[in-house]
Structure formats: structure tokens, C-alpha cells
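Structure at a glance
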Amino acid sequence: MRTRNAAVVVVLLVAALNLAAWILLNLPQSEAPWYGSIRGVSFSPYQLDQSPHEGKYPDAAEIERDLALVADKVRSIRTYDPLDGLDVIPALARKYGLKVTQGVWLDKRKERNAQGLAKLYEMIQKNDNINRVIVGNEAILRGDLTVDELIPILQEVRSRTHLPVSTAEPWHVWLKYPQLVDAVDFIAVQLLPYWEKTTIDEALDYVLRRYRELQQHYPDKPILVSEVGWPSGGGRFGGAEASLTNQARFIRQFLYAAQNQSIDYYVMEAFDQPWKKVDEGSPGPYWGLFNGERQQKFSLTKTEIIEDAHWPWQAGLSTLLALPLMLWFALRFPELKLRGQLFYAALTQAGISLVVSTAFVPSKVYLSVFGISMLSVMLAAQLALLAVVLINGFEFTEILWKRDWKRAFRPLDPNRDRPWPKVSLHLACYNEPPELVIETLNSLARLDYPDFEVLVIDNNTKDPAVWKPLEEHCAKLGPRFRFFHVDPLSGYKAGALNYALRHTHPEARIIGVVDADYVVEPNWLISLVPYFDDPKVGFVQAPQDHRAWEGDTFKEMINWEYAGFFNIGMVHRNERDAIIQHGTMTLIRKEAMQKAGNWGEWCICEDTELGLRLMAEGFESVYVNHVFGRGVTPDSFAAYKTQRFRWAFGAVQILRRYWNWMLPFARSPLTGAQRFHFVTGWLPWFADGLHLLFTFGALIWSIGLVLWPRYFDFPMPVFLISVLVMFLLKITHSFVLYHARVPCNLRQRIGAAVAAVALTHVIGRAMLSGLFSRGGRPFLRTPKGENQPALIQGLLMAREEGFIMLALWLAALAVSVRYDMALQEARYWVLLLLVQSLPYVCAVVLSLIAALPSKHGGEAANAAPA
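In this report, we go over the structure that sits alongside the text. Keep in mind that this is a model prediction, so the values were computed, not measured.

Scoring rules and cut-offs
Residue indices begin from 1 for each chain and proceed along its sequence in written order. Residue-level local features of this predicted model are given only where pLDDT is at least 70; pairs of side-chain atoms are given and counted only at 80 or more, and the full residue set underlies all totals for whole chains, interfaces and linings. Based on all heavy atoms of the structure, the side-chain values leave hydrogens and waters out of the count. Segments assigned H or I by DSSP are reported as helices when at least four residues long, segments assigned E as strands when at least two residues long, and all are numbered from the N terminus. The reference for a compact globule is 2.2 Å times residues^0.38; the radius of gyration itself is calculated from the C-alpha atoms. Contacts were defined at the residue level, with two residues in contact if any of their heavy atoms lie within 4.5 Å. Only four residue types enter the tally: Lys and Arg on the positive side, Asp and Glu on the negative side; His and the chain ends are excluded. Taken as the charge location is NZ of Lys, CZ of Arg, CG of Asp or CD of Glu. For each residue, the accessible area found with a 1.4 Å probe, counting protein chains only, is set against the maximum for its type, and the residue is called buried under 20%, exposed over 50%, and partly exposed in between. The length a helix should cover is 1.5 Å for every residue beyond the first. Should DSSP find at least two bridges between two strands, the strands are regarded as paired. In this analysis an axis means a line fitted to C-alpha atoms, helices contributing only their contacting stretch, and an angle means the value between N-to-C directions, from 0 to 180 degrees. Any angle that falls under 35 degrees is termed roughly parallel, while one over 145 is termed roughly antiparallel, one within 65 to 115 roughly perpendicular, and all others oblique. The handedness criterion is simple: a crossing whose near helix is rotated anticlockwise from the far helix by less than a right angle is left-handed, and one whose near helix is rotated clockwise is right-handed. Each residue is assigned to one class: nonpolar for Ala, Val, Leu, Ile, Met, Phe, Trp, Tyr, Cys and Pro, charged for Asp, Glu, Lys and Arg, and polar for all the others, Gly among them. Only buried residues count toward a nonpolar core, which is a set of Ala, Val, Leu, Ile, Met, Phe, Trp, Tyr and Cys residues joined through side-chain atoms within 4.5 Å. Pairing of aromatic rings covers Phe, Tyr and Trp, the last counted by its six-membered ring, and requires centre-to-centre distances within 6.5 Å; plane angles under 30 degrees mean stacked, over 60 mean edge-to-face, and any other angle means tilted.

With that settled, the discussion passes to the overall build of the chain. Within the chain, the secondary structure is distributed over 30 helices and 22 strands. A globule of 866 residues ought to have a C-alpha radius of gyration of about 29 Å, yet the chain, at 36 Å, is considerably larger. When its C-alpha atoms are laid out on the principal axes, the chain stretches across 120 × 65 × 45 Å. By sequence separation, contacts in the chain at least 24 residues apart represent 79% of the contacts at least 6 residues apart. Looking at charge distribution, the chain has the averaged site of its 87 positive side-chain charges lying 4 Å from that of its 86 negative ones.

Pasting the structure below:
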């Protein structure tokens with residue numbers, strides 16, 4: 001009870017820390033309030049669903065509503081174009097006492113330019129509240145017009161109106177072209193420190209410095225700051241960070257400076273314009289004093305500025321969603337040390353807070369229908385990633401901080417005078433090197449057990465020179481060893497093992513399976529068979545292990561990669577009687593096997609599938625994490641991939657056949673814990689399948705970003721950050737558990753991590769193939785004892801991974817060339833592409849390492865791992 005109470009206190013502490021974190025991250029900032037009016041604002045009346053790119057324009061009623069909103073806050077407005085129904089703005093503005101600086105949009109469309117100028121002359125005649133004209137907005141900066149092309153247009157407008165005329169360009173254009181200054185009545189300069197990558201603390205000084213610079217160069221020319229402002233959203237651009245707080249701070253500071261120094265200006269701008277994302281990227285929509293729903297973003301008269309008005313809802317919702325899960329975990333697993341309780345509660349709370357934060361993105365970001373669809377996909381992906389993280393975190397927590405392991409089995413040392421049941425050992429082989437199998441047979445002959453037989457089933461080997469030596473050697477070893485050469489024999493390894501069952505001695509009570517390359521310790525049977533005294537035990541499993549890897553970098557790496565599963569995953573699963581049966585070093589009660597239906601020849605992972613059926617029949621398993629035999633590792637990266645493809649594909653076969661056993665609330669012959677482990681144990685492999693899909697999606701998206709930037713935008717940073725964080729957590733999870741449970745050094749842990757990551761592509765491909773293929777997959781044998789491949793073969797064995805790696809690198813390069821890397825979202829995307837490439841880099845590296853000759857060749861075949 002005391003332990004449970006302490007765990008509950010830990011949960012409440014984490015919930016309180018979550019609320020405190022939300023509070024600290026959303027502390028209001030202070031800035032001097034502004035009580036006066038604003039001299040002028042840029043005015044674009046496009047509503048949320050409107051865009052000039054799509055031919056959707058505001059009507060007069062919508063324009064007037066917008067003018068009414070700003071009329072009590074500003075004295076003047078600046079417009080950008082008189083066409084597409086916007087010519088009504090001056091007349092409507094007159095009703096609210098607003099002066100108008102009328103703009104004309106100029107670009108490469110000469111006919112449209114002429115129409116705009118004609119409409120301008122007409123409007124000037126009708127509206128006496130137009131007091132200035134700005135012909136063109138950054139037309140020179142965009143490259144739509146040259147200075148020589150623009151000056152005649154300015155001269156024509158000046159000749160046809162009595163109003164002051166200029167064009168709007170950034171400060172450096174005015175400094176570069178003094179002839180342009182001579183052609184205007186005043187300088188209309190755009191001073192937007194955000195686009196100059198200026199920090200918010202330096203922004204005002206930057207604006208004033210550029211303003212004074214123009215004054216010094218052109219002392220006789222009036223200056224109008226035609227655009228000045230800061231975006232409230234859109235991420236970081238160099239040192240400039242777009243945020244509501246920074247926008248409010250900059251606007252207030254500038255208004256005071258402009259008042260003190262008599263600067264004429266137009267704040268950029270009245271209303272957020274979501275359509276500008278197409279032209280200006282993520283910050284484009286967020287320059288308004290009002291948002292797209294026509295709500296004022298911040299008060300000019302309040303001292304405190306709050307970045308996100310919805311943060312209390314997010315804080316409360318994330319706490320309420322996480323609290324029941326944290327409490328359930330604390331009460332369900334009181335045997336965990338308090339550090340484990342604290343870790344898992346914090347992981348749960350952090351993950352849910354991240355998902356809630358993503359769900360609130362629409363309150364801060366303008367989304368199209370496509371954007372909403374993408375957000376839905378992102379949220380679903382985040383939930384899946386959260387599930388993977390919490391599942392891995394559960395294993396992480398129990399492995400590191402579980403007080404007592406209830407099912408920690410060890411080798412037994414029983415009374416040798418006890419009765420010993422007969423054991424029938426089955427060894428299936430196909431085209432194996434005879435010397436390899438003979439070594440295994442010799443180790444079986446040395447078994448310290450009173451009553452056993454060995455059945456060797458060679459299935460479908462065509463060359464007598466391969467199988468005849470085995471037949472002869474079995475005859476030399478005596479009557480305990482029986483050899484069968486069967487050709488043809490269907491069913492692959494499962495078919496051979498079922499054949500062995502039909503020829504098993506009728507008095508045998510236990511069936512053992514050994515791979516053809518395993519050297520078995522003499523005490524294997526005598527140490528494990530007594531576990532079958534319990535009639536509930538259906539099978540007893542010892543781990544796989546390997547030999548002859550010392551001095552070979554590739555084999556050393558994959559040896560320790562294998563070791564992780566048997567020292568971590570199997571130990572964790574064994575605690576709830578949910579281990580994976582694997583087809584070597586396993587002992588099975590023959591009665592249980594017959595009840596379950598023997599080996600399933602339809603499945604390429606016949607061992608795991610049979611283990612699941614034995615559990616479904618109500619039999620228990622025993623996992624003894626002690627090495628009783630060692631086999632050889634695959635010799636090449638291709639063989640390594642082939643083996644893992646078979647395991648992953650077989651996992652999907654099993655899930656497709658027995659999916660109804662895995663449902664949480666269905667009537668199932670499996671326990672809840674067994675269902676949990678069989679589903680969640682393979683979930684990371686499904687995540688590899690998602691990684692493969694996401695990789696191809698990222699490549700396609702990158703092509704769109706480079707070739708069609710108007711239609712493609714960078715995914716939301718919160719999602720990109722989530723993907724990167726999840727990847728780092730996955731690596732950290734494995735690395736820390738290896739340090740705690742696998743007896744290898746730091747260099748070997750790094751090698752094992754590289755080997756594991758290198759399999760991401762082949763596992764992902766296997767999972768997708770298993771999901772979408774209709775029939776079974778041909779059995780893929782793992783080659784043993786093959787010669788090391790040449791260097792060129794090493795590259796060919798990772799050719800798929802290599803091509804994808806290069807494609808991701810080229811995509812990252814193309815995006816970095818196409819976009820300014822000062823843009824935060826562009827940097828995130830390039831980083832994401834590079835992180836996505838890491839599994840493919842590891843695959844190529846591992847394949848090349850496998851191609852290198854080993855230092856000691858085939859030495860140390862019988863040596864124990866370090």
C-alpha cells in the first residue's frame with residue numbers, strides 16, 4: 001500500500017510539473033502600452049477564403065466591414081491595387097474619415113498594368129481623400145520591371161495627377177538607383193527587419209538606422225515608410241523569430257519612435273492574409289494587427305502580452321488526458337521503483353502534451369482543406385508514434401527499474417537419479433556444408449543426457465556429395481543418430497520437422513530442435529528438461545547465440561545486434577509468459593505439440609507460429625536466459641537481410657491469420673498480456689514500414705517544394721520536430737538498455753545500433769509485402785559458411801538502400817539550393833531528410849564492412865563471445 005501511495009504521489013507531481021511547464025512557457029511579457037492612434041496601415045481586405053491567385057475577391061460589404069474595424073485605430077490606409085473590385089475602397093474609406101494612399105500593382109503583365117493605371121486616373125478624379133499614389137510594389141526587387149522600364153511609368157503618372165507619386169521598394173534599391181529617386185516625389189521604403197534576419201531586440205534600431213541612412217543620402221526627398229511590421233507566426237528566419245509577442249513588442253516600440261521622430265509610416269498590415277503563404281512562405285499570412293477572423297490579435301493598451309491565449313486549455317486538457325493513464329500505470333505496476341514510475345509518468349505526460357499541442361495548431365495556423373487533411377494525417381501519425389514510444393518506454397522502465405522478476409528461470413541442477421523422459425532432437429538441413437553439420441552432430445553426441453535420439457532430415461538437397469557425408473557420419477555416431485534424405489519434400493523447414501515427427505521414437509516425450517550450424521553445450525538437456533515436470537509447461541526456450549565472430553567487424557556487429565533481443569526483449573516478454581519461440585535451442589512437450597497441430601507448413605516462421613498455438617492451448621512457456629549453444633552468423637549483408645525479411649514477413653503472416661486473437665476485448669485463447677506483447681512486440685517493425693512510406697512521401701514532397709513551390713509548403717514544424725524526437729528516443733531506448741543488459745562494450749553497442757538501424761528498409765519492405773501480398777512468400781534460407789563478397793558485391797547487396805540514400809541527399813541539396821536556409825522550416829525539412837537517410841547510410845556502411853576481409857577469417861569457431 002505504501003508503494004502504491006508513493007507512486008500516486010509521483011503521478012500527481014508529474015501532473016503538477018506539466019501545469020507548471022505550461023505556465024512558465026507562457027509567461028506574459030511586458031511592453032509599454034500605446035494609447036494613441038496609428039498614422040497608417042496597409043489595407044488588403046481579402047477574407048479567409050479569398051485569394052487573388054484563385055480569382056476570389058472581397059465584395060463592397062466585406063470591404064466596408066473591414067474599414068469599420070480599423071477606422072477608430074488609424075488615420076490613413078494604403079492600398080495596393082485598384083482592380084478586381086478594390087476601386088471602391090477610397091469612397092468607402094471617406095465615410096470613416098480615412099485618407100488613402102492609393103497603390104497600383106505592376107508586374108510583367110503589360111495589359112493589366114495599363115488597366116490598373118487607367119483605373120487609377122479615374123479614381124483620383126472621384127475621390128478627394130486619396131492623398132498619395134504608389135505605383136508598383138517591389139516590382140524592381142521581384143525583377144518584374146527594370147528601373148529603366150519603371151521610370152517612364154512614374155513620369156507619366158506624375159504628369160497626369162497633382163498628387164505626390166512614388167514606388168515602393170526596400171532601402172537597398174533606393175540606395176542603388178539614385179535615378180529612381182529623381183523620378184519620384186517621395187521615397188516609399190519598405191523596412192521589414194524580420195526579412196533581414198534581425199533579432200527582435202535589434203529590430204527597431206535596424207529600422208531607424210536604415211531610415212537615417214536614406215535621409216543622409218537624399219536629404220531633400222521626403223521619406224514614407226510604406227511598410228513596417230513584424231509577423232506573428234511563420235517560424236524563425238535567421239535570428240528573427242515570428243511570434244505574437246514579438247509582433248506586439250515591435251509595433252509598440254516603433255509607434256513611440258515614429259511619434260518622437262515624426263516618421264510617416266504604414267504598419268504592415270491591417271489584417272492577416274492567408275493567401276500570401278503562396279508568395280511569401282509561412283510568415284506571409286501573419287503580418288496583420290487583426291487575424292483572419294477579424295479579431296484583434298493583441299491589445300495596444302495592456303502592458304502584458306500573452307503569446308497563446310489558448311494555453312490554459314492545452315495545459316488542462318493535456319493534464320486531464322494523461323492523468324488517468326499515469327494513475328492506472330502507477331496502480332497496475334507498483335513493483336516498479338519510484339524512478340521508473342517517475343520516468344514513465346513523465347514520458348506519458350510529455351507525449352500527450354505534444355499531441356495536444358499539435359491538435360491546437362488550427363487555432364494558430366491558417367489551414368486550407370488540404371492543410372486540414374494533412375494535419376489529420378499528422379495527428380494520426382503522431383498518435384501512432386506516441387504508442388510506439390509508450391510501448392518502448394514500458395519495456396525500458398521495467399528492464400531498468402523493476403524490483404523483482406517473478407519468472408526469472410535459471411539452468412537447473414537436478415538429482416541425476418531421477419527419471420528422465422526420452423528426448424527426440426530434430427535437425428533439418430538443406431544443402432548445408434557437410435563440415436558445418438558434422439560439427440553440430442558431434443556436439444549432440446557429447447550431450448550429458450541418458451536417453452535421447454537425433455533425427456537428421458536432409459530435404460531436397462540434390463548433390464549426393466553434400467548429403468552423403470552426413471549419412472555416413474550419423475552411422476558412425478551410432479544408433480541414437482538416424483539420417484533421412486527426402487527428395488522431394490514440401491513445406492520447407494516445417495515440412496522437414498513434421499517428417500521427423502512421423503519418425504520419432506514412440507516413447508519420446510520431448511521434442512528438441514537444433515539448427516544445422518549449432519554447437520550445443522553438453523548440459524543443455526539435463527539443465528532444462530526438469531522444467532517439464534510441471535504439466536502446464538509446453539515449451540522451454542534458450543537463447544540463440546553465435547560463434548566465430550571475433551576478429552570480423554561485420555559479424556561482431558550483427559552478433560551483438562542479435563544479443564539485444566535475447567537479453568532484453570525475451571526477458572521482458574518472459575515475465576508475462578509471452579516469449580517468441582524460435583526454431584533452435586527449443587524443447588517442446590510432444591503431447592502439447594500434437595494437441596496444437598504440429599508445425600505449420602503455411603508459415604515461413606513456423607517456430608513462432610507454433611509457439612503462439614501452444615499458448616492458445618493453455619500451455620506455459622519457460623525462457624532460460626543462458627547460452628547452451630552457438631551457431632554461425634550470416635556471412636554477408638544480403639544473408640543478414642534475407643533472414644530478417646523472413647522473420648518480419650512471417651510476423652505479418654501470423655498476425656493476418658490470428659488477428660482475431662489479438663483484439664483487446666475479443667474472446668481469445670491468449671491472455672491479455674500475451675496479446676499485448678505479440679502486437680506491441682512487432683509494432684516497431686510496422687513503424688519501419690511507415691518509415692519506408694514516409695521516405696517516399698518525403699521525396700515526392702521535396703520534388704513539389706522544388707518544382708512547384710506555389711502548391712507545396714513545408715509540413716508544420718511541430719510535426720517535423722516530433723518525428724526527429726521520436727527517432728532520437730528510439731536510439732536512446734536501445735542504447736541505454738544495451739548498456740544495462742547486454743554484456744558488450746561501448747564500441748560493440750555502437751556497432752549493434754548501426755546493424756539494427758541498417759535493417760530498417762528491409763524490415764519495412766517485408767512488413768508492407770506481408771500486409772499487401774495475397775499468397776505466401778517462398779522460404780528464403782539464410783546462407784551459411786559462404787565466402788566474403790567482393791567490394792562491388794558489397795555495394796550491390798545494399799543497392800536499394802544506396803539509391804534511396806542518394807535520393808534523400810539530392811532532395812536535401814535541392815531544397816537547400818531552392819530556399820533560403822535562414823528559413824526555419826526549410827532547415828527542419830533538410831534536417832528531416834538527412835535523418836531519414838540514416839538507416840540507408842547504415843545499410844550501405846554495414847554492407848561495405850561485410851565486404852571487407854576479416855582479420856582472422858574462420859578462427860575462433862568454438863570460442864565463447866566476449
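Along the chain, D413 turns up in the loop between α14 (369-401) and β13 (422-429). Among the residues examined, D413 registers a relative accessible area of 75% and is labelled exposed. Separated by 117 residues in the primary sequence, D413 and P530 place their C-alpha atoms 9.0 Å from one another.

The subject of this paragraph is helix α26 (residues 746-758). In an α-helix, one turn spans 3.6 residues; hence positions three or four apart end up facing the same way. Taking 1.5 Å per residue, 13 residues should reach 18 Å; α26 reaches 18 Å between its end C-alpha atoms and fits that length. Buried within α26 are the following residues: Q748, R749, G751, A752, A755, V757 and A758.

In this fold, N574 is placed in helix α19 (residues 553-574). If we ignore the near neighbours within four places in the chain, the residues touching N574 are R407, F409, I579, S621, V622 and Y623.

Here the focus is the sheet that holds strand β19 (residues 546-547). Two pairing modes exist for strands in a sheet, parallel and antiparallel, and in both the strands are linked by backbone hydrogen bonds. The three strands lie next to each other as β17-β22-β19, forming an open sheet whose pairing is mixed. Edge positions in the sheet fall to β17 (519-520) and β19, since each of these pairs with one other strand and no more. Strand direction decides the pairing type here: β19 and strand β22 (residues 629-632), joined by two bridges, are parallel. Counterpart to H546 in the pairing with β22 is G631.

Bringing the pairing of strand β16 (residues 508-513) into the picture now. Consecutive side chains of a regular strand alternate in pointing toward one face of the sheet and then the other. Across the six residues of β16, five count as buried, placing the element largely inside the fold. In this sheet, strand β20 (residues 586-589) lies alongside β16 in antiparallel orientation, the contact comprising four bridges. Paired with V513 across the strands is T586, a residue of β20.

As a further point, take helix α4 (residues 110-126). Counted at 1.5 Å a residue, the expected span for α4 with its 17 residues is 24 Å, and the 25 Å between its end C-alpha atoms agrees. Packed against the buried residues of α4 are α3 (89-94), β4 (99-104), β5 (130-137) and α6 (147-160).

Looking at the element boundaries, L489 is found in the loop between β15 (481-486) and α17 (492-502). The class of L489 is buried, set by a relative accessible area of 14%. In sequence terms L489 and D820 are 331 residues apart; their C-alpha atoms lie 64 Å from each other. Those residues within four positions of L489 in sequence are excluded, and the remaining contacts are I457, N459, N460, G495, A496 and Y499.

The next thing to look at is the packing of helix α24 (residues 672-707) against helix α30 (residues 824-851). Put simply, α24 and α30 touch, their axes get as near as 11 Å, and they point 140° apart. Put simply, α24 runs oblique to α30. For the pair α24 and α30, the sense of crossing is left-handed. Contacts between α24 and α30 involve H691, L692, F694, T695, A698, W701, S702 and L705 on the former and, on the latter, W829, L832, L833, Q836, P839 and Y840. Class assignment for the residues of the contact of α24 with α30 results in 10 nonpolar, four polar and no charged.

The mixed open sheet is built from seven strands, whose spatial order is β15-β14-β13-β16-β20-β18-β21. Across the chains shown, the open sheet's two edge strands, defined by having one partner strand only, are β15 and β21 (620-623). Here the strands of the sheet are splayed against their neighbours by 20° on average, with no regard to which way each runs. Relative to β21, strand β18 (residues 537-541) is paired through four bridges, and the arrangement is parallel. Its bridge partner being in β21, V540 is matched across the sheet by V622. Set on the sheet, helix α16 (residues 464-477) makes contact with β13, β14 (452-459) and β15; between it and β15 the angle comes to about 160°. This element, helix α21 (residues 606-616), spans β18, β20 and β21 of the sheet and lies at about 145° to β18.

Let us look at the nonpolar core. The nonpolar side chains of a soluble globular protein tend to be buried, and buried together. Counting 186 residues, the largest nonpolar core has I38, I77 and W829 as its most contacted members. Sort the elements by how many residues they give to this core and α30 lands first, with 13 residues. When residues no more than four places from it in sequence are discounted, the contact partners of W829 are A698, W701, S702, L705, F714, P715, L720 and V815. The next biggest cluster of nonpolar side chains, apart from the first, holds 39 residues, and it includes W420, L441, L525 and L587.

The way to describe two aromatic rings as a pair is by their centre distance and the angle between their planes. Inspection of every chain in the model, using the stated rule, returns 39 aromatic pairs. Their ring planes at 40° and their centres at 6.0 Å tell us that W230 and F250 sit as a pair that is tilted. Taken together, the residues W230 in the loop between β8 (223-228) and β9 (236-237) and F250 in helix α10 (residues 244-261) connect sequence positions 20 residues apart. Take W230 and F250: they sit in the same class, and that class is buried. Here the aromatic rings of W701 and F712 are separated by 4.8 Å at their centres, their planes lie at 75°, and the arrangement is edge-to-face. Taken together, the positions of W701 in helix α24 and F712 in the loop between α24 and α25 (717-741) put the pair 11 residues apart, joining distant regions of the chain.

For the peptide bond that leads from M268 to E269, omega is 0°, which places it in the cis range. Its location among the elements puts E269 in the loop between β11 (264-267) and α11 (277-280). For the bond from D487 to P488, the omega torsion is 10°, close enough to zero to count as cis. Note on placement: P488 falls in the loop between β15 and α17. For D84, which is not glycine, the phi dihedral falls at a positive 60°. You can see D84 is positioned in the loop between β3 (76-78) and α3. You will see that E138, though not glycine, has its phi angle at about 60°, which is positive.

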